[in-house]
Amino acid sequence: MRSADGLYGTVLMLAVLLGLSEDPGAGPGKLLGGVAVTMGVYWVVHVYAGTLAERVGHPDRRLRPIVGAVMREEWPLVEAAAVPAIPLVLGVLGVLSRDTALWAAVVLGLVDLFAWGLSVGRALRQSTLVTVALGAANVGLGLVMVGLKYLIK
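Residues numbered from 1 in each chain as written. Predicted model: local features only at pLDDT ≥ 70, side-chain atom pairs only at ≥ 80, totals over all residues. Heavy atoms only, no water.

Draft legend 1. Focus on the overall build of the protein. Across its full length, the protein carries 7 helices and 0 strands. Helices (α) and strands (β) of the protein occur, in sequence order from the N terminus, as α-α-α-α-α-α-α. Over its C-alpha atoms, taken along the principal directions, the protein stretches across nearly 55 × 40 × 30 Å. Restricting the contact set of the protein to residue pairs at least 6 apart, pairs at least 24 apart contribute 68%. A distance of 4 Å separates the average location of the 12 positive side-chain charges in the protein from that of its 10 negative side-chain charges. (Helix = DSSP H or I, 4+ residues; strand = E, 2+ residues; numbered from the N terminus. Contact = heavy atoms within 4.5 Å. Lys, Arg positive; Asp, Glu negative; His and termini not counted. Charge placed at Lys NZ, Arg CZ, Asp CG, Glu CD.)

Draft legend 2. Layout of a nonpolar patch on the surface. On the surface, a cluster of nonpolar side chains totalling about 510 Å² of accessible area is made up of Val83, Ile86, Val89, Leu90, Leu93 and Val95. Note that Leu93 resides in the loop between helix 5 (82-92) and helix 6 (98-123). (Patch = residues over 30% accessible without salt bridge, like charges linked within 9 Å, V, L, I, M, F, W, Y side chains within 5 Å. Areas by Shrake-Rupley, 256 points an atom, 1.4 Å probe, with all protein chains shown as cover. Salt bridge = Lys/Arg side-chain N within 4 Å of Asp/Glu carboxyl O.)

Draft legend 3. Molecular detail of the packing of aromatic side chains. This model, assessed by the stated rule, comprises 2 aromatic pairs. Geometrically, the ring pair formed by Trp43 and Trp75 is edge-to-face, given 5.2 Å between the ring centres and 85° between the ring planes. Pair noted here: Trp43 is in helix 2 (residues 28-57) and Trp75 is in the loop between helix 3 (63-74) and helix 4 (76-79), with a separation of 32 residues, a long-range link. A relative accessible area of 15% places Trp43 in the buried class. (Phe/Tyr/Trp six-rings, centres within 6.5 Å; stacked < 30°, edge-to-face > 60°. Buried < 20%, exposed > 50% of the residue type's maximum accessible area, 1.4 Å probe, protein only.)

Draft legend 4. Expanded view of the pattern of salt bridges. Inspection of every chain in the model, using the stated rule, returns 3 salt bridges. Taking the shortest distance from any N to any O, the salt bridge between Asp23 and Lys30 comes out at 3.3 Å. A relative accessible area of 46% places Lys30 in the partly exposed class.

Draft legend 5. Quick peek at the environment of Ile86. In this fold, Ile86 is placed in helix 5. Judged by relative accessible area, Ile86 falls into the partly exposed class, the value being 48%. Measuring from C-alpha to C-alpha, the distance between Ile86 and Leu108 comes to 9.1 Å, with 22 residues separating the pair along the chain.

Draft legend 6. The arrangement of the nonpolar core in detail. Met13, Leu17, Val35 and Val106 are the most contacted members of the largest nonpolar core, which totals 21 residues. When contributions to this core are tallied by element, the ones reaching two or more residues are helix 1 (3-20), helix 2, helix 6 and helix 7 (128-152). Contacts of Val35, omitting those with residues within four sequence positions, involve Met13, Val16, Leu17, Leu20 and Ala81. Listed in part, the 6 residues of the second largest apolar core include Val47, Ile66, Val70 and Leu77. (Core = buried A, V, L, I, M, F, W, Y, C linked by side-chain atoms within 4.5 Å.)

Shown next as structure tokens:
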């Protein structure tokens, strides 16, 4: 389980989305594109760095299997943006307004953060209280991102 990548990817997605939303001319397509490109670039960088680290640690291993393994390992970073992207796609299709798509994506990002916390709590076999607290702590991180949007204005 790569909960760290999922958590990081979700916070990154929220930061990009909220940053781009400062431009009132940025419609749902630009918001979606910005998130997609950013997540893709970060994934490539993580794959590159992970591959280099594996090669340094195991110089006798073949490159191709290392790259494939690192690509799969780092994929949750990209997956983290999938669910929050749904309202942005609906915005591109004209089903949702820009602001509705934006805030629905933010809310879904916060829900994802909660789910990542629950996932970690369950994997660690924590009590329900601790598991929910982990989810809430993750949401707190996301709310910091949302709060920064308003502090920077």
